[in-house]
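Examination of the molecular architecture
Read off the chains here:
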Amino acid sequence: MALPCLPFTILNFMRNLALFIFFLFTSISITHAQVKPFHFRGEKLKPGSKHSFLLPVVTPQDSTVIPVTVFHGVKKGPVLGITAGVHGLEYAPIMAAQQLAKQLDPTQMSGTVILVHMANVPSFLNRSLRVNPFDGKNLNRVFPGKKDGTSTERIAWIISNEIIARCDNFIDVHAGDANNDLRPYSGYYNYFNQPDVSEKARQMAVALGFDFIVQFGNQPQLTEASIYCSREATKRNIPAVDIECGRMGIVEEKPVQQIVEALTSLMRHLNILEGQPNRDEKPVMVAQRTDVSSEQTGFFYSELTSGDYVKKGMKLGYTTDLFGKHLADVFCPVDGVILYKTFNPPVKKGDGLFNIGHIQ
């Protein structure tokens, strides 16, 4: 028995649908074929895959690792490097890295993300304030590091040469540590002889979505050693930004989520992820900062907190000796906003008490 003929319009629709499906899958196959594997530490990562590594850091005296996850997307795009935990007691960035690693799907990405979960594992595991307990050095003061140096210098060298050097864009994520009350902001380096790199970094800082953006540098050129992690990227002509988000060395959900959202927004700005970045429409630009240091050793008291606006000449707090006897009042040298401050009592002569961003 012959089947009834289908109307021409239905046949035409089915034919067009079949052609559409054919060209769609052909297009996807061609797109995937154009993306080359990403080589990292002897491994060849296929498009749409991720792989975790423990990079060994070994000296004659000690050893540690750097945990890194690489996400290689299915479409062409830039390589973004992300570091957290340069300081081991800055927990919000480290926890945000853990969450981000679970959320990123390389099958939905363009380009590649190299995520350093924590750069300074010895500091993290030993709850060491700012320094690596193996050698007593501050990782964010030794870049670009040394291949045959101490533990901290070797960590910096590996990050400089195996992470930063592979990147088209870079971000270093920090927070307020165990004695540091901090208000969130993003930052970037601005050097006049690197206008293209500085402008791309500025756009990245805006794309992070913070309401305050701090400009570092603001000088004709960078002539000295990089010293700082993100400035090492800048010195290599790689647009780089910082995040400062989290306070007092504690884990709070709000700053952790703010960091994850900021990194997601940045990846949208770089077209690694689809969607629009979550920019603040009118961020406050801070081009200059002033530090206020203690002139005494003893106790420090202040009722102010990060984010408070201050005026030149106003009293910021005071210090006492070890018996509680008043030693000196601390006064504000400029008009501005407190970006971060020491919030607990112990201070030594020369310790930083406040970092104040100048407000025009």
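As the structure is a computational prediction, the values presented were derived from the model and not from experiment.

**So, the confidence of the model for the protein**
Within the protein, residue pLDDT values average 93, and 91% of them lie at 70 or more. Taken as a whole, residues 25–31 scores under 50 in pLDDT and shows two contacts with residues more than four places along the chain or in a different chain.

**A closer look at the sheet that holds strand S19 (residues 326–331)**
Strands belonging to one sheet form pairs held by backbone hydrogen bonds; the direction of such a pair is parallel or antiparallel. Read across the open sheet, the four strands follow the order S19-S18-S16-S21; overall the sheet is antiparallel. Only two strands of the sheet have a single partner each, and these edge strands are S19 and strand S21 (346–347).

**Side note on the sheet that holds strand S12 (residues 212–219)**
Strand order in the open sheet made by the nine strands is S3-S4-S6-S5-S9-S13-S11-S12-S14, with mixed pairing throughout. Across the chains shown, the open sheet's two edge strands, defined by having one partner strand only, are strand S3 (49–58) and strand S14 (284–286). Put simply, the sheet's adjacent strands are angled 25 degrees from each other on average, direction ignored. Along the sheet, helix H5 (residues 195–207) makes contact with strand S9 (169–174), strand S11 (185–191), S12, strand S13 (240–244) and S14, crossing S11 at roughly 170 degrees. Its contacts with the sheet place helix H7 (residues 253–269) against strand S5 (75–83), strand S6 (110–116), S9 and S13, and it is angled at close to 170 degrees to S9.

**Considerations on the pairing of S13**
Side-chain direction in a regular strand flips from residue to residue, so the side chains alternate between the two faces of the sheet. Across the five residues of S13, five count as buried, placing the element largely inside the fold. Across the two faces of S13 the burial is the same, with Ala240, Asp242 and Glu244 and Val241 and Ile243 all buried. In this structure, S11 lies alongside S13, joined through four bridges in antiparallel fashion. Within the sheet, the bridge partner assigned to Ser186 lies in S13 and is Ile243.

**Focus on the packing of H5 against H7**
Interaxial distance between H5 and H7 falls to 8 Å at its minimum, and their mutual angle equals 135 degrees. If you check the angle between H5 and H7, you find them oblique. Crossing of H5 against H7: the hand is right-handed. Residue-level inspection shows Gln203, Met204 and Ala207 of H5 in contact with H7, the latter providing Ser265, Leu266 and His269.

**Description of the environment of Ile238**
By the secondary structure assignment, Ile238 is in the loop between helix H6 (229–235) and S13. Spatially, the C-alpha atoms of Ile238 and Asp196 are 9.9 Å apart, while their sequence positions differ by 42 residues. With near-sequence residues (within four places) excluded, Ile238 lies in contact with Ile164, Cys167, Asp168, Asn169, Phe170, Val197 and Ala233.

**So, H7**
Since one α-helical turn is 3.6 residues long, residues separated by three or four positions face the same way. With 17 residues, H7 extends 24 Å between its outermost C-alpha atoms, agreeing within 8% with the 24 Å of an ideal straight helix rising 1.5 Å per residue. Among the residues of H7, those classed as buried are Pro255, Val256, Ile259, Val260, Ala262, Leu263, Thr264, Ser265, Leu266, Met267 and His269. Buried residues belonging to H7 abut S5, helix H2 (91–103), S6, S9, H5 and S13. Just downstream of H7, Asn271 is the residue with a positive phi angle, here 65 degrees.

**Considering H2**
Relative to the 18 Å expected for 13 residues at 1.5 Å per residue, H2 spans 19 Å between its end C-alpha atoms, a close match to the ideal helical length. Within H2 the residues assigned to the buried category are Tyr91, Ala92, Pro93, Ile94, Ala96, Ala97, Leu100 and Ala101.

**Remarks on the environment of Val68**
Relative to the assigned elements, Val68 resides in strand S4 (residues 63–72). When the C-alpha positions of Val68 and Tyr228 are compared, they lie 20 Å apart, and in sequence the two are 160 residues distant. Apart from the residues within four sequence positions on either side, Val68 is in contact with Phe40, His51, Ser52, Phe53, Leu55, Ile114, Leu115, Val116, His117 and Ile163.

**Describing the pattern of salt bridges**
With the rule as written, the count across this model stands at 12 salt bridges. Measuring nitrogen to oxygen at the nearest pair gives 2.8 Å for the salt bridge that ties Glu162 to Arg41. Of this pair, Glu162 sits in helix H4 (residues 151–163) while Arg41 is found in the loop between strand S1 (38–40) and strand S2 (43–45), placing the two residues 121 residues apart along the sequence. Relative accessible area serves as the criterion here: at 22%, Glu162 is assigned to the partly exposed category. Where Glu252 meets Arg247, a salt bridge forms, and the shortest distance between an N and an O atom there is 2.9 Å. On the basis of relative accessible area, Glu252 is assigned to the partly exposed category, the value being 24%.

**Some points on the nonpolar core**
With 37 residues, the main nonpolar core has Leu80, Ile82, Val113, Ile171, Ile243, Leu263 and Met267 as its most contacted residues. Listing elements by their share of this core, those giving two or more residues are S5, H2, S6, S9, H5, S13 and H7. In terms of residue count, the dominant contributor to this core is H7 (seven residues). Those residues within four positions of Ile171 in sequence are excluded, and the remaining contacts are Leu80, Gly81, Ile82, Thr83, Leu208, Val241, Ile243, Leu263 and Leu266. Counting 29 residues, the second-largest nonpolar core is a separate cluster that includes Leu55, Ile66, Ile155 and Ile164.

The rules we used
Residues numbered from 1 in each chain as written. Predicted model: local features only at pLDDT ≥ 70, side-chain atom pairs only at ≥ 80, totals over all residues. Heavy atoms only, no water. pLDDT = per-residue confidence, 0-100. Contact = heavy atoms within 4.5 Å. Pairing = 2+ DSSP bridges. Helix = DSSP H or I, 4+ residues; strand = E, 2+ residues; numbered from the N terminus. Axes fitted to C-alpha atoms, helices over the stretch in contact; angles between N-to-C directions. Buried < 20%, exposed > 50% of the residue type's maximum accessible area, 1.4 Å probe, protein only. Parallel < 35°, antiparallel > 145°, perpendicular 65-115°, else oblique. Left-handed = near helix turned anticlockwise from the far one by under 90°. Expected span 1.5 Å × (residues − 1). Salt bridge = Lys/Arg side-chain N within 4 Å of Asp/Glu carboxyl O. Core = buried A, V, L, I, M, F, W, Y, C linked by side-chain atoms within 4.5 Å.

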